[in-house]
Every structure is written in C-alpha cells, then in structure tokens.
Amino acid sequence: MKIPKTIKRHCPYCKKHTTQKVTQAKKHNPSSLKYGSKNRAKRRGAARGIGSRGRYSKPAMSKWKMTGKKQSKKTDLRYECSECKKSKAQKKGFRTKKIEFK
Ligand SMILES: [Zn+2]
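The following paragraphs examine the structure supplied in this document. (Residues numbered from 1 in each chain as written. Predicted model: local features only at pLDDT ≥ 70, side-chain atom pairs only at ≥ 80, totals over all residues. Heavy atoms only, no water.)

1. Considering the pattern of salt bridges
Phase 1 of the analysis: Tallying each qualifying case throughout the model produces two salt bridges.
Phase 2 of the analysis: Glu-83 is the salt-bridge partner of Lys-16, the closest N and O atoms lying 3.3 Å from each other. Of this pair, Lys-16 sits in strand β3 (residues 16-24) while Glu-83 sits in the loop between β5 (77-81) and β6 (87-89); the two residues are 67 residues apart in sequence, bridging distant segments of the chain.
Phase 3 of the analysis: A salt bridge links Arg-78 to Asp-76; its shortest N-O distance comes to 3.0 Å. (Salt bridge = Lys/Arg side-chain N within 4 Å of Asp/Glu carboxyl O. Helix = DSSP H or I, 4+ residues; strand = E, 2+ residues; numbered from the N terminus.)

Now the structure itself:
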C-alpha cells in the first residue's frame, strides 16, 4: 500500500492543521502472539479433560494452522508535526502486507 510521505493533519499541540511527516514505527516481535493463541486453543478444549484426548496423535501445537505468522501486519504510523516537531501515533492500524512511502 502506498502512503504519502507528508500529510496535512490536525496537530493537537498547535491546535490547527499542519503538514506532518508520516513514518512507520518499528516492527513488533511476532512471537508475542504465540502465547495468546495457545491459550485460545486451550479454551476451545483442545488441551483439557481426562485421557489423551488425541493429544499424542496430533502434531505439535506449533504446527497447527492457527499458530504462526500472519500474512499481513497492522500499520503503526507516526505523524510528526513540522512546526512543533512533536509526534503522534495513529488511532487505528489497518492490515496491509507491505507499506510504501511515495
Ligand atoms: Zn504541531
């Protein structure tokens, strides 16, 4: 997805519209999601109850479809005001495979 390098946006510090530089923040560690997805699998009942429950006939949890990397990542854009040099993060990220500044 292509995004302009600068954008006219409201700056809450200057309290008016200013030109702001758009940058993508550093990427997060993808393995940080693994713990949550394992918990969700437990809640589904995949790793509960009496007996083996087919646990030993299944491949390791890391080989399941739900765990692992997602195809797209949410953006984490930062807007830096050209007048006061203060920066602000975007409200909501959107999913995209690749981000490009034109
Ligand atoms: Zn400003």
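Picking up after the structure, the text goes on.
2. What about the coordination of the zinc ion?
Phase 1 of the analysis: Listed as protein donors to the zinc ion are Cys-11 (SG), Cys-14 (SG), Cys-81 (SG) and Cys-84 (SG); their distances from the metal cover 2.2 to 2.4 Å.
Phase 2 of the analysis: The coordination sphere of the zinc ion comprises four donor atoms, whose angles at the metal cover 101 to 119°; the geometry is tetrahedral.
Phase 3 of the analysis: Between consecutive donors of the zinc ion, the numbers of intervening residues give the motif C-x2-C-x66-C-x2-C.
Phase 4 of the analysis: Judged by its relative accessible area of 2%, Cys-11 falls in the buried class. (Donors = N, O, S within 2.8 Å, 3.2 Å for Na, K, Ca; no water. Tetrahedral: all angles 85-135°; square planar, octahedral: opposite > 155°, others 65-115°. Buried < 20%, exposed > 50% of the residue type's maximum accessible area, 1.4 Å probe, protein only.)

3. Side note on the pairing of strand β2 (residues 6-11)
Phase 1 of the analysis: Of the strand pairs in this sheet, β2 and β3 are connected by six bridges, and their pairing is antiparallel. If you follow Ile-7 over to β3, its bridge partner there is Gln-20.
Phase 2 of the analysis: Where β2 hands over to β3, the hairpin turn is made up of four residues, of which Lys-15 adopts a positive phi near 60°. (Pairing = 2+ DSSP bridges.)

4. What about unusual backbone geometry?
A negative phi angle characterises most non-glycine residues, just as the trans form characterises most peptide bonds.
Phase 1 of the analysis: In this model, Lys-15 sits at a positive phi of 60°, which is unusual for a non-glycine residue.
Phase 2 of the analysis: Position of Lys-15 relative to the elements: it lies in the loop between β2 and β3.
Phase 3 of the analysis: Note on Lys-15: relative accessible area 68%, which makes it exposed.
Phase 4 of the analysis: For Lys-85, which is not glycine, the phi dihedral falls at a positive 65°.
Phase 5 of the analysis: Residue position: Lys-85 is located in the loop between β5 and β6.
Phase 6 of the analysis: The exposed category is assigned to Lys-85, whose relative accessible area is 57%.

5. A look at empty space enclosed by the protein
Phase 1 of the analysis: With the rule as written, the count across this model stands at two cavities of 30 Å³ or more.
Phase 2 of the analysis: Roughly 30 Å³ of internal volume is contained in the second largest cavity.
Phase 3 of the analysis: Looking at the second largest cavity, the residues that line it are Cys-11, Pro-12, Tyr-13, Gln-20, Tyr-79, Glu-80, Cys-81, Lys-86, Ser-87 and Lys-88.
Phase 4 of the analysis: Listing elements by their share of the lining of the second largest cavity, those giving two or more residues are β5 and β6.
Phase 5 of the analysis: Counting residues per element, the lining of the second largest cavity draws most heavily on β5, which supplies three residues.
Phase 6 of the analysis: Taken together, the residues of the lining of the second largest cavity sort by class into five nonpolar, two polar and three charged. (1 Å grid on protein atoms, 1.4 Å probe; cavity = no way out; pocket = protein on both sides within 12 Å on 5 of 7 lines; lining within 4 Å. Points joined across faces, edges and corners; volume = space filled by probe spheres on them. Nonpolar A, V, L, I, M, F, W, Y, C, P; charged D, E, K, R; others polar.)

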